[in-house]
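Structural overview for review
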Amino acid sequence: MRRFSVVVPVYNVENYLRHCLDSILNQDYQDFEIVIVNDGSTDSSADICRQYQEKNPEKIVLINQNNQGLLMARRVGFAHTQGEIIVSVDSD
């Protein structure tokens, strides 16, 4: 079990997403997982999420769903966490 789970809801944030994910991944403390919930993005956000998950399969869980809004994306992400402590980060 990881110490922290970081839930990142994603919807059409291609301009900010790489910076967000790089910022999380580059922390000194590494006992965490990232649960990305792509909430039906129509820009390149889904591709960016997939690329990061493929590069970091031990750290990143990727969930793709039809657009349900921010609250539901967070709830889905929370349901898929395994950490003792859960935090959420806005992707922008």
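First, a word on what this report is: a plain description of the structure on this page. Owing to the predicted nature of the structure, the values given are computational and were not obtained by experimental measurement.

Details of the layout of surface pockets
The computed volume of the largest pocket comes to approximately 150 Å³. Considering the residues around the largest pocket, the lining is formed by Pro9, Val10, Tyr11, Val13, Asp39, Asn67, Gly69, Leu70, Ala73, Asp90, Ser91 and Asp92. Residues belonging to the lining of the largest pocket are distributed by class as follows: six nonpolar, three polar and three charged.

What to know about the pairing of strand 2 (residues 32–39)
Burial runs high along strand 2: eight of the eight residues are buried. By the alternation rule, side chains of strand 2 split into Phe32, Ile34, Ile36 and Asn38 and Glu33, Val35, Val37 and Asp39, which are all buried. Read from strand 1 (residues 4–10) through helix 1 (residues 17–25) to strand 2, the crossover connection turns out right-handed. Note: strand 2 against strand 3 (residues 60–65), six bridges, orientation parallel. Opposite Asn38, over in strand 3, you have Asn64 as the bridge partner. A crossover connection joins strand 2 to the parallel strand 3 through helix 2 (residues 45–55); in handedness this β-α-β unit is right-handed.

Concerning the sheet that holds strand 1
If you walk across this open sheet you meet the four strands as 3-2-1-4, and the pairing is parallel. Taken across any chain shown, the strands that pair with only one partner, and hence form the sheet edges, are strand 3 and strand 4 (85–88). This sheet shows a mean twist of 20 degrees between the axes of neighbouring strands, independent of strand direction. Where strand 1 meets strand 2, seven bridges bridge the pair, whose relative direction is parallel. Counted as the bridge partner of Pro9 is Val37 from strand 2. Helix-sheet contacts for helix 2 involve strand 1, strand 2 and strand 3, and the interaxial angle to strand 3 is about 155 degrees.

What about the nonpolar core?
Burial of nonpolar side chains together is a common tendency in soluble globular proteins. Counting 16 residues, the largest nonpolar core has Val8, Val10, Leu17, Ile24, Ile34 and Ile36 as the members making the most contacts within it. Looking at this core, the elements that each hand over two or more residues are strand 1, helix 1, strand 2 and helix 2. Residue contributions to this core peak at five residues, all from helix 1. Counting residues in hydrophobic clusters, the runner-up holds six residues, among them Val7, Val35, Ile63 and Val76.

About the thresholds
Residues numbered from 1 in each chain as written. Predicted model: local features only at pLDDT ≥ 70, side-chain atom pairs only at ≥ 80, totals over all residues. Heavy atoms only, no water. 1 Å grid on protein atoms, 1.4 Å probe; cavity = no way out; pocket = protein on both sides within 12 Å on 5 of 7 lines; lining within 4 Å. Points joined across faces, edges and corners; volume = space filled by probe spheres on them. Nonpolar A, V, L, I, M, F, W, Y, C, P; charged D, E, K, R; others polar. Buried < 20%, exposed > 50% of the residue type's maximum accessible area, 1.4 Å probe, protein only. Helix = DSSP H or I, 4+ residues; strand = E, 2+ residues; numbered from the N terminus. Right-handed = clockwise from strand over helix to strand, strands pointing away. Pairing = 2+ DSSP bridges. Axes fitted to C-alpha atoms, helices over the stretch in contact; angles between N-to-C directions. Contact = heavy atoms within 4.5 Å. Core = buried A, V, L, I, M, F, W, Y, C linked by side-chain atoms within 4.5 Å.

On their own, these measurements won't tell you what the molecule is for.
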